[in-house]
Amino acid sequence: MNNRLVYERMHADILSGRLLPGAKLNIAGLALELAVSAGAVREALAMLEADALVVSEPQRGYRVTAVSEEDLTQLVRARVEIEKLCIADAIKHGDLNWESTLVAAFHQLTRLHERDQNDRQHLSAEWTLAHANFHHAMIAGCPNVWLRRMHTLLYQQSERYRQLSAPLAVVARDVQGEHKTLFDAVLRRDVSGAQKLIARHLEKTATLLLTSPLLGVAAASTADK
């Protein structure tokens, strides 16, 4: 396993919540667990730090980046603005291939259950991937590479909060309906309508995440470290 594979494994573990916020990352222990060199782990940690998923502390090594209500609020505000810009550019510049990719991504998303059917406390891995593909496909027509990079970074951070809060009781929310109205607005190339819908969609998700007791537990746990 090379440093890229180590990065991908740890990246997935952080986003899924297997590696919890504030968790200390022992390089020797990770090298042993993953059967790689300590150098490969260090390189992977440096890549994860660039993604803002881990932080390094002088004389103390690495930890998984903490979570907090303030961080989530700021994250969502930034994501709303970036996603609105990306959608506007995608609608303006997207071609038929972009539309086709978006249609395929939406079709796949609508065919999957959001919750794991064997464990309703957790999100389905297949739905989680399809959801990411849909949001990325929606802005893929944006020609601005930096905006797309920022979108990816903010989406990853948002997904970490979503996974941490997934054990919330299922709420009365028509997520599929929200995706459908957003999808329709983008295909109509209705910039104003799509921007309003994406802002409402992301802010509604944030409101639910902020009510999660697990967010408070995770933040308190981080503070105690």
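Calculation criteria
Residues numbered from 1 in each chain as written. Predicted model: local features only at pLDDT ≥ 70, side-chain atom pairs only at ≥ 80, totals over all residues. Heavy atoms only, no water. Axes fitted to C-alpha atoms, helices over the stretch in contact; angles between N-to-C directions. Helix = DSSP H or I, 4+ residues; strand = E, 2+ residues; numbered from the N terminus. Parallel < 35°, antiparallel > 145°, perpendicular 65-115°, else oblique. Left-handed = near helix turned anticlockwise from the far one by under 90°. Contact = heavy atoms within 4.5 Å. Nonpolar A, V, L, I, M, F, W, Y, C, P; charged D, E, K, R; others polar. Core = buried A, V, L, I, M, F, W, Y, C linked by side-chain atoms within 4.5 Å. Buried < 20%, exposed > 50% of the residue type's maximum accessible area, 1.4 Å probe, protein only. Pairing = 2+ DSSP bridges.

Peer 1: I'd like a rundown of the packing of helix α2 (residues 27-34) against helix α3 (residues 38-50), residues and numbers included.
Peer 2: In the contact formed by α2 and α3, the axes pass within 8 Å of each other and the chain directions differ by 110°. Here α3 runs roughly perpendicular to α2, going by the angle between their axes. Where α2 crosses over α3, the handedness of that crossing is right-handed. Touching Ile 27, Leu 30 and Ala 31 of α2 are Ala 38, Val 41, Arg 42 and Leu 45, all from α3. Its residues placed into classes, the contact of α2 with α3 shows 6 nonpolar, no polar and 1 charged.

Peer 1: I'd like to hear about the nonpolar core, residue by residue, with values.
Peer 2: Burial of nonpolar side chains together is a common tendency in soluble globular proteins. With 38 residues, the main nonpolar core has Ile 87, Leu 102, Phe 134, Met 138 and Val 186 as its most contacted residues. Looking at this core element by element, the count peaks at 9 residues for helix α4 (residues 69-93). Sequence-distant contacts of Ile 87, defined by excluding residues within four places in its chain, comprise Met 138, Ile 139, Val 186, Ala 194 and Ile 198. Met 10, Leu 15, Leu 19 and Val 54 belong to the second-largest nonpolar core, a separate cluster that totals 21 residues.

Peer 1: Provide a residue-level description of the pairing of strand β3 (residues 61-64), including the pertinent values.
Peer 2: Both strand β1 (residues 24-25) and β3 contribute to a ladder of 2 bridges, which runs antiparallel. Residue pairing across strands places Lys 24 opposite Arg 63, the latter belonging to β3. Across 4 bridges, strand β2 (residues 54-57) lies against β3 in antiparallel orientation. Bridging from a neighbouring strand, Glu 57 pairs with Gly 61 of β3. The turn joining β2 and β3, which pair antiparallel and follow one another in sequence, is formed by 3 residues; a positive phi near 70° is taken by Gln 59.

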